[in-house]
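Below are the chains, spelled out letter by letter.
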Protein chains: 2
Amino acid sequence: MPVLFCKNILYNLPRSSISKITSSNLVVKRNISNMSSEVPQEFVKVFSKIDSLKPTFIDRLAHAVEIPAVSSDESLRPMVFKKAEFLVDELTKLGFTDIQKKDLGIQPPPVENPKLQLPPVVLSRYGSDPKKKTVLVYGHYDVQPANLSDGWDSEPFTLTVDEKKGLLKARGSTDDTGPLLGWLNVVQAYKESGVEFPVNLVTCFEGMEESGSLGLDAMIARESDSYFKGVDAVCISDNYWLGTKKPVLTYGLRGCNYYQVTINGPKADLHSGVFGGVIAEPMVDLMQILSTLVDSKGKILIKGIDEMVAPVTDKEKGLYEKIDFSVDELNAAAGSKTSLYQKKEDILMHRWRYPSLSIHGVEGAFYSQGAKTVIPAKVSGKFSIRTVPDMDSEKLTKLVVGHCNAAFEKLDSPNTCHAELIHDGNYWVSNPFNAQFTAAAKATKVVYGVEPDMTREGGSIPITLTFEEQLKTSVMLLPMGRGDDGAHSINEKLDISNYMNGMKIMAAYLKYYADSPEN
Amino acid sequence: MPVLFCKNILYNLPRSSISKITSSNLVVKRNISNMSSEVPQEFVKVFSKIDSLKPTFIDRLAHAVEIPAVSSDESLRPMVFKKAEFLVDELTKLGFTDIQKKDLGIQPPPVENPKLQLPPVVLSRYGSDPKKKTVLVYGHYDVQPANLSDGWDSEPFTLTVDEKKGLLKARGSTDDTGPLLGWLNVVQAYKESGVEFPVNLVTCFEGMEESGSLGLDAMIARESDSYFKGVDAVCISDNYWLGTKKPVLTYGLRGCNYYQVTINGPKADLHSGVFGGVIAEPMVDLMQILSTLVDSKGKILIKGIDEMVAPVTDKEKGLYEKIDFSVDELNAAAGSKTSLYQKKEDILMHRWRYPSLSIHGVEGAFYSQGAKTVIPAKVSGKFSIRTVPDMDSEKLTKLVVGHCNAAFEKLDSPNTCHAELIHDGNYWVSNPFNAQFTAAAKATKVVYGVEPDMTREGGSIPITLTFEEQLKTSVMLLPMGRGDDGAHSINEKLDISNYMNGMKIMAAYLKYYADSPEN
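Residues numbered from 1 in each chain as written. Chains lettered and ligands numbered in written order. Predicted model: local features only at pLDDT ≥ 70, side-chain atom pairs only at ≥ 80, totals over all residues. Heavy atoms only, no water.

## With respect to the packing of helix α4 (residues 41-52) of chain B against helix α7 (residues 177-192) of chain B
Residue and element names in this part refer to chain B.
And then number 1: At a minimum axis separation of 8 Å, α4 and α7 run at an interaxial angle of 120 degrees. What the angle tells us is that α4 and α7 run oblique. Remark: the crossing between α4 and α7 carries right-handed chirality. Mapping the contact onto sequence places Phe43, Val46, Lys49 and Ile50 in α4 and Ala189, Tyr190 and Glu192 in α7.
And then number 2: Within the contact of α4 with α7, the residues separate by chemical class into 5 nonpolar, no polar and 2 charged. (Axes fitted to C-alpha atoms, helices over the stretch in contact; angles between N-to-C directions. Helix = DSSP H or I, 4+ residues; strand = E, 2+ residues; numbered from the N terminus. Parallel < 35°, antiparallel > 145°, perpendicular 65-115°, else oblique. Left-handed = near helix turned anticlockwise from the far one by under 90°. Contact = heavy atoms within 4.5 Å. Nonpolar A, V, L, I, M, F, W, Y, C, P; charged D, E, K, R; others polar.)

## Digging into the interface of chain A and chain B
And then number 1: At the interface, 88 residues of chain A touch 89 residues of chain B.
And then number 2: Between chain A and chain B, a total of about 7,700 Å² is buried, with carbon and sulfur atoms accounting for 56% of that surface.
And then number 3: On inspection of chain A and its partner chain B, the count reaches 2 salt bridges.
And then number 4: Across the contact surface, chain A and chain B share 46 residue pairs in polar contact (both at pLDDT 80 or more).
And then number 5: Class assignment for the residues of the side of chain A that touches chain B results in 38 nonpolar, 32 polar and 18 charged. (Buried area = accessible area lost by both parts, 1.4 Å probe. Salt bridge = Lys/Arg side-chain N within 4 Å of Asp/Glu carboxyl O. Polar contact = N/O pair within 3.5 Å; in protein donor to acceptor, adjacent residues only side chain to side chain.)

## Describing the nonpolar core
And then number 1: Membership of the largest hydrophobic core comes to 80 residues, with the highest contact counts inside it found for Leu201(A), Leu478(A), Tyr499(A) and Tyr509(A).
And then number 2: The leading source of residues in this core is helix α17 (residues 496-515) of chain A, at 12 residues.
And then number 3: The residues touching Leu201(A), leaving out its near neighbours within four places in the chain, are Phe96(A), Ser124(A), Arg125(A), Tyr126(A), Gly127(A), Val135(A), Val137(A), Val187(A) and Leu510(A).
And then number 4: Grouped together as the second largest cluster of nonpolar side chains are 78 residues, Ile58(B), Tyr141(B), Tyr190(B) and Cys235(B) included. (Core = buried A, V, L, I, M, F, W, Y, C linked by side-chain atoms within 4.5 Å. Buried < 20%, exposed > 50% of the residue type's maximum accessible area, 1.4 Å probe, protein only.)

## Comments concerning the environment of Tyr427(B)
All names here are of chain B.
And then number 1: Within the element layout of this structure, Tyr427 appears in the loop between β14 (416-425) and β15 (428-429).
And then number 2: Separated by 118 residues in sequence, Tyr427 and Val309 have C-alpha atoms that sit 12 Å apart.
And then number 3: If we skip the residues at most four places from it in the chain, Tyr427 touches Leu253, Arg254, Gly255, Thr387, Val388, Pro389, Asp390, Met391 and Leu465.

## Looking at the UniProt feature "site: Important for catalytic activity" (unreviewed entry) in chain A
And then number 1: Under the local residue numbering, the UniProt record ascribes the feature "site: Important for catalytic activity" (unreviewed entry) to His271(A).
And then number 2: Here His271(A) is to be found in strand β10 (residues 270-271).
And then number 3: Residue His271(A) is classed as buried on the basis of its relative accessible area, which comes to 9%.
And then number 4: Apart from the residues lying within four places of it in its own chain, the contact partners of His271(A) are Gly276(A), Thr373(A), Ile375(A), Arg386(B), Gly459(B), Ala487(B) and His488(B).
And then number 5: At a separation of 2.7 Å, a polar atom in the side chain of His271(A) contacts the main-chain amide nitrogen of Gly273(A). (UniProt positions renumbered as here; feature names shortened; annotations may be inferred.)

## Points about the sheet that holds strand β5 (residues 167-169) of chain B
Residues and elements named next belong to chain B.
And then number 1: Judged by pairing direction, the sheet is antiparallel, and its 3 strands sit side by side in the order β4-β5-β18 without closing on themselves. With one partner strand each, in any of the chains shown, β4 (160-162) and β18 (493-495) form the two edges of the open sheet. Strand-to-strand twist of the sheet, defined as the mean angle between neighbouring strand axes without regard to direction, takes the value 20 degrees.
And then number 2: Relative to β18, β5 runs antiparallel, the two sharing 3 bridges. Among the inter-strand pairings, Leu167 is bridged to a residue of β18, identified as Asp495.
And then number 3: The strands touched by helix α17 (residues 496-515) within the sheet are β4, β5 and β18, with β18 carrying the most contacts at an inclination of about 60 degrees. (Pairing = 2+ DSSP bridges.)

## Considering the UniProt feature "binding site: Mn(2+) 1" (unreviewed entry) in chain A
And then number 1: The sites that carry the UniProt feature "binding site: Mn(2+) 1" (unreviewed entry) are, in the present numbering, Asp175(A), Glu210(A) and His488(A). Maximum C-alpha separation among the annotated residues is 9.6 Å over a sequence range of 314 residues, consistent with a single clustered spot.
And then number 2: Inspection of the secondary structure puts Glu210(A) in the loop between β6 (200-206) and α8 (216-223).
And then number 3: Taking the relative accessible area as the measure of exposure, Glu210(A) reaches 7% and is therefore buried.
And then number 4: Take His488(A): it is sitting in the loop between β17 (474-477) and β18 (493-495).
And then number 5: Of the residues examined, His488(A) reaches a relative accessible area of 4% and is grouped as buried.
And then number 6: When residues no more than four places from it in sequence are discounted, the contact partners of His488(A) are Gln144(A), Arg171(A), Asp175(A), Glu210(A), His271(B), Thr373(B) and Val374(B).

This is the structure we're talking about:
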């Protein structure tokens, strides 16, 4: 069904949006006026080329987001492969070399199709001058699920270009197709402006980031001394500004452990009139267990987790005071006044350096509008824990599984309970004062006229740590989008100005990093 | 999507099954061998005609279940109307008169489409001889939702005829399309065997039973002195045997109050990495509330409900001891050993005369396989309470809403909570020794050779009570299917022998009731 749905979008809808795109001319002016006044001579050519190529860059994004590459939906797996092909074509056209689609093999259980192939990682190079530094840029081309019926204002897999509001709206616009294409666009801009590309670029684009980056760690390990040999720095553009006004550079991330607890009862769903009151209902057991995980104040109730969290130092406290943020920005991004904290420092710390537990849903139970009077036979509760220093994933899983089993034991239910880790990704913290952070800070100042805030992130990019460990290089997060972009939500968007200025930062960062004495 | 899905079934699949049906000849023999040895002369003609018409009757069922008349799914509402048309055509062909489709108007909120039309009630007559008694037969042509992906062995909206196992498998086969068509088939059998039809028959076939019979009560009240004037007895065939071997007549039903508690938080779903730990999560509040409703032993935790339940008398206790039933039958029907009780009497009482609370699911949260890391913005928990004498629906709703609000207040959450009644249907208890119960008991003895067990039901048929009150007549439940038919579940089935013998009981019951001195 979803595939049909997407075909429909792929063939009927996008044309209109593209015609909208190519008829926009005001933009170069507007963007230049957005730019900081003192653009160094060395960037004028490239920045102007980026502005003049705007219709091409938006067109490229429109074609990319048309492909519903939802990695968590097995039925859409062919679409993830299709999007990998799209990238290969674009890279080829732009003159990238040594383009490889790295096969990651079969997806491990739990899966419906035991032969489900993992999407390939797309590797490629642009330049291989031994005198230049080599920068590996990472992005992911898979996306979160999205359906018009979820409440989108427009087809999620058709790019809506809103010149009035200055928005690019589609699933993947900001997470992470837009930023990923940013690197391709920057190469095109350097090329067409006749300016020498300052570094050797290596691309690593994956298709399973939204589903635990399965197989990527092993691939990076395998390629660390082959394809990735000689990489000096890794830049990941797959996160967001803290708010909506001030650009940031990110030096820390929370990890994410995703869990599923399954209660198994009768052989099939049962009529609640005929069996209600005489059969132990799996859904009742599950509600009891899920209610013991976290309270409404956000406090995790699983014993032993708090003890694993690194204590807050006074020096660390100081960092948060500097940052430009307020509870109003959080409420604005959430579209509600449901923040658990009012003080800036509390919000930032609970977002960045404390763990959190979210309950995402229930598989196997009734989920539609209206009323269905069945007793579900087998239900799985889904929840995830965002992890921080110094939490150990294995130890955490032991605590979570132990907690669920203990909670179930208390119920003395004839049903069965199985708690398991679906996937995990470690947290990461880096040094915000090294060569590439410094280069990116200078680039940000050039484009936006302000020093970026040095932030951490609540979200997870599991392979950040893997790159750092396997390639023994510095890793930096260079966000393109804003805090209110709505990644993983309905009406996901990327501001046109963030798309355009983000590319300029990428372009300038590569140059400044190339010119910096140290690695 | 569901409509596409069903079209697919309607046009591609059924033919094969129908060809299967019409090529079955062994059956008449088998059925006759199933019959009790001493068939009174007055029934030989009609019973033999029922046997010889078997292919026609199964064909009629196959065409009926092809139409996915799911009343709870707004997108399938046109299919419910389509099925009403199918019935009108069949009734017309069989010579029913005064056929009317009673319009019930617009469906009241909560609905997505504010102009959603309720399906019509199909009224018709067969015979209008003032010297004969008039029997109103009720059935419903709407069905529960069903998707192949729920775990069905075959397309749920295609009749699978398994002559080997003696099964008719499809959504609606036993609940309630099969029994409903039984009445049409019986009229055809009397007609074609040249035996005078013993009563005046009035049909009342509704299309919203699985969704609270909206609008039906009012219609029955309106028609009580017009279309339904002169009705002597009401027979409802929309329930099941207690077990799998012994036929039953049913004199009591539990009611059903369906509730929804909705927690509203952020404006849209949020990324759990970015907002986890700083935003009050609606799903967390909901789990807390749902966990306070009922425990894993089936004990309802909402205060004040137990006090409304009529105490068990010693005379009542005696009734349960006679009934042929065991925990093994319950476990067999459930396909598991998850019964909350081991003693027959405990099981029967908790199924028939004590209330139960079932949690059916959550609307608005993640429900698929795999992992999705969002914080749902708005979630609705769905649960229902099966009601018994002397529970008052309004008082119950006050208790439930009060309980949910109090549980939410305790959480001190910045989200909002709204608990509401989606629909309710009252319980019902009748006199199992009146004229039509006696007639049906004799009919059962003739067909199956045994006295039926007099049972109550855990399930709900909301309008049973309405008929009794509005038409001031006796109402009887005459089940056709078995306890393991899987109504509301996957692989719903009706045994071919139950379909055939059920019609014979209907035929004999009408004759015995017609001949009985009293009403």
